[in-house]
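# What the coordinates show
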Amino acid sequence: MNVPFVSFLPMERELDADLRTAFERVYKRSWYIAGAEDKAFEKAFAEFCGVKYCVGTGNGLDALMIALKALGIGPNDEVVIPSNTYIATALAITYVGATPVLVEPDIKTFNINPDKIEERITKNTKAIVPVHLYGQACDMDSVIELAQRYNLWIVEDCAQAHGSTYKGQKVGTFGDAAGFSFYPGKNLGALGDAGMIATDNKELAERARAYGNYGSDYKYHHIYKGNNSRLDEFQAAFLSAKLPHLERMNAVRRNIAQRYLDGIKNKEIILPYVPKEIIPVWHIFAIRCKRRAALEKFLNVRGIETNKHYPIPIHLQECYKEFGFKEGDFPIAEEISATELSIPIYYGMTDTEIQYVIDSINEFN
Ligand SMILES: *Cc1c(COP(=O)(O)O)cnc(C)c1O
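Just so you know, these numbers come straight off a predicted model, no measurement behind them.

Right, let's talk about the overall build of the chain for a bit. When you go through the chain residue by residue, the secondary structure sums to 12 helices and 15 strands. Its C-alpha atoms give the chain a radius of gyration of 20 Å, near enough to 21 Å, the size a compact globule of 365 residues would have. For the C-alpha atoms alone, the extent of the chain along its principal axes is close to 65 × 55 × 35 Å. Here the chain holds 365 residues, and 55% of them are scored as buried. When contacts within the chain are restricted to residue pairs at least 6 apart in sequence, those whose partners lie at least 24 apart make up 70%. Total accessible area on the chain stands at roughly 16100 Å², and carbon and sulfur atoms take up 52% of it. Within the chain, one finds 41 positive and 47 negative side-chain charges whose respective centroids are separated by 1 Å.

Below, the structure written as structure tokens:
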């Protein structure tokens, strides 16, 4: 049996008519950038998250970068991020000219360990970017407490966690701003690139919108050296068609995750841990195994496609060699990148496929 790591087919088959209608609507209107669809989706997504303002962007990286820019973060500023995250979190910071300060995650939750943030705060620290990694919200009480004590901004990286909650509150509502990605593989995915900034701060939203529109507050009047990162109308329309199904599709992922948590019984496998105050949305189901390469091969030979998130930690990436990090600097991030394996989880996985993944992992020794 072949089990792909992810397939969009079940979702797209189900929403086929809605997606085609969305396409037709935009095509007939012949307005392609920052129009009625953009506005409608921003409003719907703001309601979904429970924030006052949403600003569409071209992708998730830009959403984070523009949010930082709109908060005035730039050269000589330091921004705290987890050492275990996708490269985009760090790139957003280096793009605005600031310095990412890496803080080790908790090996159980994979998310930033708030107990290790304080020792990394300096007089140059301006913000914390907690990443709700793999679809699981961070320990936000601790992050907020620190941010208040040291007067730091919080920009949440919600690219993997649309709809995840911490103590009943949705991610994207805890910080000064949040960045979302609608890359096709994310829990809410466009049919191309798209992103969103969420915030309760009106001035911040206005600055962000201007920044992503060539720094323009009104046509041909430029107040910032901005960039071009807007949500296109087709993507906004597709996202509006998909948003009403997000909660249900997240619940389906939770069911698959529960079957994995109940069914996988193998002493070699460490299953993901979910703190009780968090409802995850399982963007990724991350297991750990000391003999990861052997497990990976074992599953791949059985037709089960897997992935690693992420095989090279940020501090060992070539693009950041300027910081002079070396192996051993962030042992927990290194441990995760050496042992983590992501197994298939997506809307529309069949019972047979789920059971096959469970049985295969249980047979590994
Ligand atoms: C996907 C992702 C991003 C970037 O989003 P794009 O839309 O691909 O630019 C940022 N942070 C994290 C944690 C991500 O997973």
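Having seen the model, we can carry on.
With that settled, consider the site of the ligand. Within the structure, the ligand sits among 13 residues, and Gly60, Asp157, Gln160, Ser181 and Lys186 are positioned closest to it. The contact in question runs from an oxygen atom of the ligand to an N or O atom on the backbone of Gly60, over 2.7 Å. Side-chain polar atom of Gln160 to an oxygen atom of the ligand: 2.8 Å apart, as the coordinates give it. Against a free-state accessible area of 380 Å², the protein chains account for coverage of 91% of the ligand. Residue assignment for the shell around the ligand shows that the elements contributing at least two residues are helix H4 (60–70) and helix H5 (87–95).

Attention now goes to the sheet that holds strand E2 (residues 78–82). Taking strand neighbours across the sheet as the criterion, the seven strands line up as E1-E9-E8-E5-E4-E2-E3 in an open arrangement whose pairing is mixed. With partners counted over all chains shown, the strands left at the sheet margins are strand E1 (53–57) and strand E3 (99–103), one partner each. Going across the sheet, the axis of each strand differs from the next one's by a mean of 25°, ignoring polarity. Inspection of the sheet shows strand E8 (residues 177–181) paired to strand E9 (residues 195–199) by four bridges, in the antiparallel sense. Bridged to Gly179 within E9 is Ile197. The strands touched by H5 within the sheet are E2, E3 and strand E5 (153–157), with E2 carrying the most contacts at an inclination of about 175°. Contacting E1, E8 and E9, helix H7 (residues 202–212) crosses the sheet at an angle of about 15° to E1.

Criteria and thresholds
- Residues numbered from 1 in each chain as written.
- Predicted model: local features only at pLDDT ≥ 70, side-chain atom pairs only at ≥ 80, totals over all residues.
- Heavy atoms only, no water.
- Helix = DSSP H or I, 4+ residues; strand = E, 2+ residues; numbered from the N terminus.
- Rg over C-alpha atoms; globule rule 2.2 N^0.38 Å.
- Buried < 20%, exposed > 50% of the residue type's maximum accessible area, 1.4 Å probe, protein only.
- Contact = heavy atoms within 4.5 Å.
- Areas by Shrake-Rupley, 256 points an atom, 1.4 Å probe, with all protein chains shown as cover.
- Lys, Arg positive; Asp, Glu negative; His and termini not counted.
- Charge placed at Lys NZ, Arg CZ, Asp CG, Glu CD.
- Near = heavy atom within 4 Å.
- Polar contact = N/O pair within 3.5 Å; in protein donor to acceptor, adjacent residues only side chain to side chain.
- Pairing = 2+ DSSP bridges.
- Axes fitted to C-alpha atoms, helices over the stretch in contact; angles between N-to-C directions.

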